[in-house]
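Spelled out from the first residue to the last, the chains are:
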Amino acid sequence: DGWRRVRFLGQVPRAEVVAAMRGARAGVVLNHPTVNYVDAYPTRMFEYMACGIPVVCSSFPLWASIVTDARCGIAVDPLDPEAIAAALRELEADPERAQRLGEIGRRAIAERYNWEAQLRTLEALYARVA
């Protein structure tokens, strides 16, 4: 039944990805808790944030801390369909909130989660080690 609300685009050429993401109410990053994902930084989550799309992500400690610190989405148990549905319904029911979360995420990318900001962190680490 839920697929009536999904617009499945299939594989999208890289040049068209951002255009395909415009107008999305939420970006979903719901990986299962396996060793490959729990402590990894999900590129897709940062891409959603950069595009101003609120994030619904797995509640792994690392991912939840990113979303909580940036105040840009909702972290849920990826194995709980009711929690996932509730998060998506929240964003659907309150488009202004969804837009606000997306804008906050975009600012977090501009201010914190970008190569320039991370370079300063890396240089500070090198200075401590050297």
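Before reading on, note that the structure itself is shown above.
To start, this report covers the structure provided alongside it. Numbering of residues begins from 1 in every chain and follows the order in which that chain's sequence is written. Local features are withheld for residues below a pLDDT of 70 in this predicted model, meaning they are given only at 70 or higher, and side-chain atom pairs are given and counted only at 80 or more; totals for whole chains, interfaces and linings count all residues. Note: side-chain values were computed over all heavy atoms of the structure, leaving out hydrogens and water.

**What about the pairing of strand 2 (residues 55-58)?**
Reasoning step 1: Relative to strand 2, strand 1 (residues 27-29) runs parallel, the two being bridged by 3 bridges. Paired with glycine 27 across the two strands is valine 55, which belongs to strand 2.
Reasoning step 2: In this scheme, strands are said to pair when DSSP sees at least two bridges between them. Numbering goes from the N terminus for both helices and strands, where a helix is a DSSP run of H or I of at least four residues and a strand is a run of E of at least two. Across 4 bridges, strand 2 lies against strand 3 (residues 73-76) in parallel orientation. Looking at strand 3, one finds that cysteine 57 is bridged to alanine 75.
Reasoning step 3: With its strands directed away from the observer, a crossover is right-handed exactly when the path from the first strand over the helix to the second travels clockwise. A crossover links strand 2 with its parallel partner strand 3, the connecting element being helix 4 (residues 61-70), and its sense is right-handed.

**As for the packing of aromatic side chains**
Reasoning step 1: Note on ring pairs: Phe, Tyr and Trp rings are taken, using the six-membered ring of Trp, and paired if centres are within 6.5 Å. Classes follow the plane angle, with under 30 degrees stacked, over 60 edge-to-face and the rest tilted. As enumerated under the stated definition, the model contains 3 aromatic pairs in all.
Reasoning step 2: Ring centres 5.3 Å apart and planes at 45° place the aromatic pair phenylalanine 46 and tyrosine 113 in the tilted group. Of this pair, phenylalanine 46 sits in helix 3 (residues 43-50) while tyrosine 113 sits in the loop between helix 6 (95-111) and helix 7 (115-129), and the two are 67 residues apart along the sequence. Each member of the pair, phenylalanine 46 together with tyrosine 113, is buried.
Reasoning step 3: Through successive ring pairs, a cluster of aromatic residues spans Tyr41, Phe46 and Tyr113. Working definition: with a 1.4 Å probe on protein chains only, accessible area under 20% of the residue-type maximum means buried, over 50% means exposed, and in between means partly exposed.

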